[in-house]
Structures are given as structure tokens and as C-alpha cells.
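Structural characterization, general
Below are the chains, spelled out letter by letter.
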Amino acid sequence: MSADPPPVWTVLFFVGMLLAVALGPLVAHHWWESNRNRLLVSLALGLPVAALYAWRGPAALAHAAEEYAAFVILLAGLYTVAGGLRLEGDLAATPATNTAFLAVGSVLASVIGTTGAAMVLIRPLLATNAERTRVAHTVIVFIFLVGNCGGMLTPLGDPPLFLGYLRGVPFAWTLSLWRPWLVVVGSLLAVYWLWDRWHWQHEPEAAALADRQRIEPLRLRGHVNLGWLGGIVVVVLLLPSPWREAAIVALGGLSLTTTPAGIRQANRFTAAPMLEVAAIFLGLFLTMIPALELLRAHSTALGVRTPAHFFWATGILSAFLDNAPTYLAFLAIGQGLGLADEVVGVPHAVLAGISLGAVCFGANTYVGNAPNFMVRAIAVEAKVAMPSFFGYMIYSTLILVPLYAAVAWLFL
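Let me begin by describing the structure that accompanies this report.

Rules behind the numbers
Residues numbered from 1 in each chain as written. Predicted model: local features only at pLDDT ≥ 70, side-chain atom pairs only at ≥ 80, totals over all residues. Heavy atoms only, no water. Helix = DSSP H or I, 4+ residues; strand = E, 2+ residues; numbered from the N terminus. Rg over C-alpha atoms; globule rule 2.2 N^0.38 Å. Buried < 20%, exposed > 50% of the residue type's maximum accessible area, 1.4 Å probe, protein only. Contact = heavy atoms within 4.5 Å. Polar contact = N/O pair within 3.5 Å; in protein donor to acceptor, adjacent residues only side chain to side chain. Axes fitted to C-alpha atoms, helices over the stretch in contact; angles between N-to-C directions. Parallel < 35°, antiparallel > 145°, perpendicular 65-115°, else oblique. Left-handed = near helix turned anticlockwise from the far one by under 90°. Nonpolar A, V, L, I, M, F, W, Y, C, P; charged D, E, K, R; others polar. Patch = residues over 30% accessible without salt bridge, like charges linked within 9 Å, V, L, I, M, F, W, Y side chains within 5 Å. Areas by Shrake-Rupley, 256 points an atom, 1.4 Å probe, with all protein chains shown as cover. Salt bridge = Lys/Arg side-chain N within 4 Å of Asp/Glu carboxyl O. Core = buried A, V, L, I, M, F, W, Y, C linked by side-chain atoms within 4.5 Å. Phe/Tyr/Trp six-rings, centres within 6.5 Å; stacked < 30°, edge-to-face > 60°.

A few words now on the overall build of the protein chain. Counting its regular elements, the protein chain contains 18 helices and 2 strands. On C-alpha atoms alone, the protein chain measures out to a radius of gyration of 21 Å, which is about the 22 Å that the 2.2 N^0.38 rule sets for 412 residues. Dimensions of the protein chain, computed from the C-alpha atoms along their principal axes, are close to 70 × 50 × 40 Å. Looking at the 412 residues of the protein chain, the share that counts as buried comes to 56%. Taking contacts inside the protein chain between residues at least 6 apart in sequence as the whole, the part at least 24 apart equals 83%.

Its place among the elements puts N98 in helix α5 (residues 95-128). For N98, a relative accessible area of 0% puts it in the buried group. Within the local environment of N98, its side chain forms a polar contact with the side chain of Y192, the two groups lying 3.3 Å apart. In this view, N98 contacts A93, L125, T128, N129, R132, T138, Y192 and D196; residues no more than four positions away in its chain are not counted.

Here we take up the packing of α5 against helix α6 (residues 136-145). Any two packed helices are characterised by the angle at which their axes cross and by the distance between the axes. It is at 11 Å that the axes of α5 and α6 come closest, and there the two elements cross at 20°. The angle between the axes of α5 and α6 places the two elements in the roughly parallel class. Crossing angle aside, the handedness with which α5 passes α6 is right-handed. Listed contacts from α6 to N98, L102, S106, A118, L121, I122, L125 and L126 of α5 are T138, V139, V141, F142 and L145. Across the contact of α5 with α6, the residue classes tally to 10 nonpolar, 3 polar and no charged.

Let's shift gears to a nonpolar patch on the surface. Taken together, the side chains of V15, L19, L23, L26 and V27 present a nonpolar region at the surface, about 440 Å² in accessible area. The residue L23 is located in helix α1 (residues 11-27) in this model. Here L23 falls in the partly exposed class, since its relative accessible area comes to 40%.

This part takes up the nonpolar core. By size, the foremost hydrophobic cluster in this structure holds 130 residues, and its most contacted members are V139, F142, V236 and Y327. Beyond its immediate stretch of four places on either side in the chain, F142 contacts L102, A118, L121, I122, L125, G147 and V375.

This part is about the environment of S318. Inspection of the secondary structure puts S318 in helix α14 (residues 307-320). For the pair S318 and N364, spaced 46 residues apart in sequence, the C-alpha to C-alpha distance is 8.6 Å. A polar contact of 2.8 Å, which involves the side chain of S318, links it to the backbone oxygen of T314.

What follows concerns α6. When you tally the buried positions in α6, you get 10 out of 10 residues, the bulk of the element. Within the sequence span of α6, burial applies to A136, H137, T138, V139, I140, V141, F142, I143, F144 and L145.

Let's shift gears to the pattern of salt bridges. One pass over the full model with this rule turns up 9 salt bridges. Residue E88 pairs with R219 through a salt bridge whose shortest N-O separation is 2.8 Å. On the criterion of sequence distance, the pair formed by E88 in strand β1 (residues 86-90) and R219 in strand β2 (residues 216-221) is long-range, its members being 131 residues apart. According to the relative accessible area criterion, E88 is buried, its value standing at 15%. Judged by its relative accessible area of 48%, R219 is partly exposed.

Let us look at the packing of aromatic side chains. Throughout the structure, instances matching the rule amount to 17 aromatic pairs. When the centroid spacing of 6.3 Å and the interplanar angle of 55° are considered together, the rings of F281 and F285 count as tilted. Note that F281 and F285 are positioned in helix α13 (residues 272-297) at a spacing of 4 residues, about one turn of the helix. When the centroid spacing of 6.5 Å and the interplanar angle of 85° are considered together, the rings of F310 and F330 count as edge-to-face. Residue F310 is found in helix α14, and its partner F330 is found in helix α15 (residues 323-336); the two are separated by 20 residues along the sequence. Using a relative accessible area of 0% as the deciding quantity, one classes F310 as buried. An aromatic cluster is built from Y68, F71, F281 and F285, whose rings are joined through pairwise contacts.

Next up, the structure:
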């Protein structure tokens, strides 16, 4: 590879890819819904970079390809196995019940990923609240917790953390974030319980009566997939690449063959969401190669040095762009500062700031993390009146930003 950083103009492909991800669903919704069109955008922006690096730095191109394959295979494996689990039932939609759903989901998010946990729990949660007239606030906090903040304890939890694992962050390192996890999750659960209690007390009597009369115990179907999930955790911990990826593919195949077809049909399981991720991240992984090189080369000029700086800078960008490439961008900045080498070239506190910012701020907009739009779409399909893009941001700003300020003060 050339010793000199790439030309500045090469970062425009990465900027274009990020803008496509952020604005595509807003300004060209129907066109952007097609995975074919997403792939075309990724190829249009990614292939010029691939051609440049085939000449400039084949090793960097090969490394990006390996990381992309590992990233997509893990997400596909978790998504496939989670799609074979179905939680059925209809409990009384009390504040205690709903808070318990969110608490369990916050733990589950770090075990089977935020996307997997969200897909397993959102439909039974909506079914439990089907008789209530005030449900949008429950979905909003579900996105905060299950779709984002709950997933900060393992590399399986959220895509940026798995990318960090691929870059050398030890698997167990994210467990060191248990204190901020406990503060964020505990605070949001407490806020939600008070919020839901107020709505519950103002429900129409007819809705409350219907909710009490329609009770069906929870029942988990597809138990065999719990074993396949455990297998994925074990192979990620113990196996190197490419054996890790081969084992995950095998476990996903076992899930498909051992799960009764009716379970996936009831879950409306399709490959479309995973194909969307694969199409978009192909472009992101290619176009970020020169962007990461430039960030490493010019990191000292950006003025981002303290853990709190990294937390807020990573977080703000993660809210409006995809949090996975944002995490890698600031990891590259941290590595370029020449600070003490504690974890993959950056101090523990700096890596904590990057990780917390990427995971937590992904909850601040619908475009911050993949599960956000997926959960919103399922809720709208269930006739829940969800807030608009900017309406959702009002809730996230008022609730999450003060909480994140407390996290930065306490831990960074």
C-alpha cells in the first residue's frame, strides 16, 4: 500500500453512501425500498473505490472484504435463528407487564442482537397491548432499549461492537460497560413505568375491560433455536475466521431445517431485511477504506481527544448516519492520536466513549440503527399511530439526551 494517505476527494464516495442511507428512506421512499436499487447505489459508489485499491492497496481491499463477510454472516445467522423463535400469548397490558417485556428485551438484545431481540418481542408486545388505545410510547421506548441501548454488553449485541471485535477488541471487553448499561437501562425502565402508568390510568374503561378479559399465557415456540443461538455464541468466542463463519452458516442452516415452517410464516420471516443490510453495507465497507485512512492520518487536527469528546462526536453522527461505520471512523481517529495502547491502540476510556456513543445514540432517530425502522413499520402495520421522523426526535431528545449527559459525567 502507498505510504501516503489517499486523495481527499476519495472520501466523497463514503459521504455519498452515508447520505444515501440517511436520506434515501426520506426523499425517495418507494424507490429506496427495493434491495436491487440499494445494491445499485452501493455498487455505483463502491466499485470506483474497489478499482482504486486493487491498484493502490490490495491488502486493504482484501481486509475490508473479510470484515464484510464476517459482519454479514454473523447478522444473517442471528437473524435466521431468531426468526425461528416465536413468543405467543396476550397478557394484561399493565405497566408492570410492559416494563417486564422491555427489561427482558434489554437483556436479550446483548445475547441475540438488537435486531434479533426486537423481531422476537415486538409482535407479542403489540398483541399484549392490542386492546389499549395508548401504545406509541411503548414502541418508542422499545426502540430505545431493545433496538439499541440494551445491546451494549457483547459484540453480538450491536453491529458497531461486532466490528470492533473484528478489529481486535476482546469479546469480553464490552462487559466492562455494565455500569453505564445499568444506568441507561434502569433509568429508561423507570421513566417508562411512570409514563405508561399515566397512560394506563387514562385508558377508556371499555379498553381496560377488553384487556382484562382477553388473557392468553405466553408460550415460546421453536425451542430448538435456543441451542443454535448458544452455538453461535460459542463459535464466535472460540473459532477464528474462516471457521467461525462456516460454523455460523451451518448453524443457520440447521435452524432453517429444524424449525417448523409455520413458525417462520407466523413471524412473517423473509430474507428481505437481511438482503437490505447486505446491499447497504457492501457499499459502506468499500467506501470507508479511504475515509478511515484519512481519519488516521489527520486525527490530531480534529480536536477530538477526551473520552467525552469521542462519546458526543460518535453519538451525534451515529444518530443521523449508520452507527456501525461511525464507530469505525472514530476508532480510527482514536488510533491515530498516539495515546496509550490499552485496547486496539486506544485507551479503555476512549474506547468506552466510542462504544457508548455508537450504541446509545443509534436510538435518537429512526435512521440511527437498523431495527428502528423495522420496529416502526411493524407497529404501523398493527395500527399504532407512530410519530413522524421529527416527532420521534422530540421524544428522543427530551428523554435520551439528558440521560446521556449524565452517563458522560458519571463514566467518562
